[in-house]
Amino acid sequence: MTLDRAGQLELFTRMLRIRKFEEAIIAHYPVGHLSIGQEGAIVGACMALRDDDYVTGTHRSHGHPIGKGADVLPLMAEIFGKRTGICKGLGGSMHLTDTSKGLICESAIVGGGFPLATGAGLSIKVRKTDQVSLCFFGDGATNQGTFHESINMAAIWKLPVIYFCENNGYAVTTSVEKSHGQPDIARRADGYGIPGVNVDGQDAEAVYDATRLAVERARAGHGPTLIEAKTYRFDEHSNRLAIPIRYRSEEEIAHHRTHRDPITLYRAVLVARNLLPEVEQIEASVAKLTEDAVQFAKDSPEPVMQDLVDSMYSDPIHFPAHAGIPSNA
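Sequence order as written defines the numbering, with residues in each chain counted from 1. Local features in this predicted model are restricted to residues whose pLDDT is 70 or higher, and side-chain atom pairs enter the listing and the counts only when it is 80 or higher, whereas totals over whole chains, interfaces and linings include all residues. Water and hydrogen atoms play no part in the side-chain values, which are based on all heavy atoms of the structure.

What exactly am I supposed to notice about the overall build of the chain here?
Helix and strand assignments follow DSSP, with helices taken as H or I runs no shorter than four residues and strands as E runs no shorter than two, numbered in order from the N terminus. The number of helices and strands found in the chain is 12 helices and eight strands. Throughout, radius of gyration means the C-alpha value; the globule benchmark is 2.2 Å times the number of residues raised to the power 0.38. For a compact globule of 329 residues, the expected C-alpha radius of gyration is about 20 Å, and the chain comes in at 21 Å, within 12% of that figure. In terms of its C-alpha atoms, the chain occupies a principal-axis envelope of roughly 75 × 50 × 45 Å. Only protein chains enter the accessibility calculation, which uses a 1.4 Å probe. A residue is then buried if its area is under 20% of the maximum for its type, exposed if over 50%, and partly exposed in between. By the burial criterion, 49% of the 329 residues in the chain qualify as buried.

Just checking my understanding: could you explain the packing of aromatic side chains for this structure?
Note on aromatic pairs: each is described by the distance of the centres and the angle between the planes. Side-chain rings of Phe, Tyr and Trp, where Trp is taken by its six-membered ring, are said to pair if the distance between their centres is within 6.5 Å; with planes under 30 degrees apart they count as stacked, over 60 as edge-to-face, and otherwise as tilted. Scanning the model with the defined rule gives eight aromatic pairs in all. A centroid spacing of 5.3 Å and a plane angle of 75° characterise the contact between Phe136 and Phe164, whose relative ring orientation is edge-to-face. Of this pair, Phe136 sits in strand 3 (residues 133-138) while Phe164 is found in strand 4 (residues 161-167), placing the two residues 28 residues apart along the sequence. Of the two residues examined, Phe136 and Phe164, each falls in the buried class. Grouping aromatic residues by their ring pairs yields a cluster made of Phe114, Phe137, Phe147 and Tyr163. The ring of Tyr170 carries Arg248 above its face, with NZ or CZ at 6.0 Å from the centroid. Whether a charge sits over a ring depends on NZ of Lys or CZ of Arg being within 6 Å of the ring centre and within 35 degrees of the ring normal.

For this particular structure, what's the right way to read the environment of Arg14?
Relative to the assigned elements, Arg14 resides in helix 1 (residues 5-28). Here Arg14 falls in the buried class, since its relative accessible area comes to 14%. Separated by 32 residues in the primary sequence, Arg14 and Cys46 place their C-alpha atoms 9.8 Å from one another. Filtering out sequence-adjacent residues up to four positions away, Arg14 remains in contact with Val43, Met47, Ile66, Gly67, Lys68 and Gly69. Two residues qualify as a contact provided that any one of their heavy atoms is within 4.5 Å of a heavy atom in the partner residue.

Any chance you could explain the state of the cysteines here in plain terms?
Cysteine sulfurs are considered disulfide-paired once they come within 2.5 Å of each other. Counting across every chain of the model gives zero disulfides. Cysteine Cys87 remains unbridged, with the sulfur of Cys105 as its closest cysteine sulfur at 11 Å. With no disulfide of its own, Cys135 lies closest to Cys105 among cysteine sulfurs, the gap being 8.7 Å. Since its relative accessible area comes to 1%, Cys135 is described here as buried.

As structure tokens, this is what we get:
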């Protein structure tokens, strides 16, 4: 265990912020792909990064900016489609970003983050900084060509990229066992001569330790690492997707909710370390923050048409009067 007391409490805080954020969405604005059950993998990875390190996310994107430390109020306003949202209400549930926290993008395109995270790694190497780039992706994305192309490039050029798979076991309704010839995703690293690490995604501190080592390796110029965090989503692929088939049992879901909840597991760890008063204070604080975020989103103004225009087009080029160009050119 490498986190100090403050780090442990911050880890729990960010995990709980994600959970309460998602629960508020269910209650007030049911949209999107929820991260409930995957908080340990997300926050454990993000806690190993600095603010200036880069992150690319996925369509299951609410947790990544919160895990990286972004302000919850504009994130909630974005989900509500409001002008005070982090993308002015124009990005929505699957396209959140916060460049102040190094979040490059999140994308509804499966595997869309691989080239961007790899490009960020190349930029880091060209600029000779000690930043790293971390790419979140799901198990289903590992069958995309961009996965192999990006990791191969990063391996050859020793780019400072951590490829982080949130393996929740299912690509919508298709299990890993039915869609992967090699279901142990971390072993794919062998084909590129880079480390492949398998970690329990429900153990937030284990994820932090695994990611920290990968980050240290990348900063030292030794190239990429592939991390596979075994996690689980408690809800459906999307809370607006009606699944007509039974692809997983109620017993399986109940087992993970009861015995494999990353927040419940880590809360017990902190209580065992005599941190119950601090845990209860965090729980009250996060509950209040979530209420404030929902109210902020409800009270915020809607986008206006000019916001859309400004986001699609650059300003016209203004030539000086002495340039001899007609004003209607």
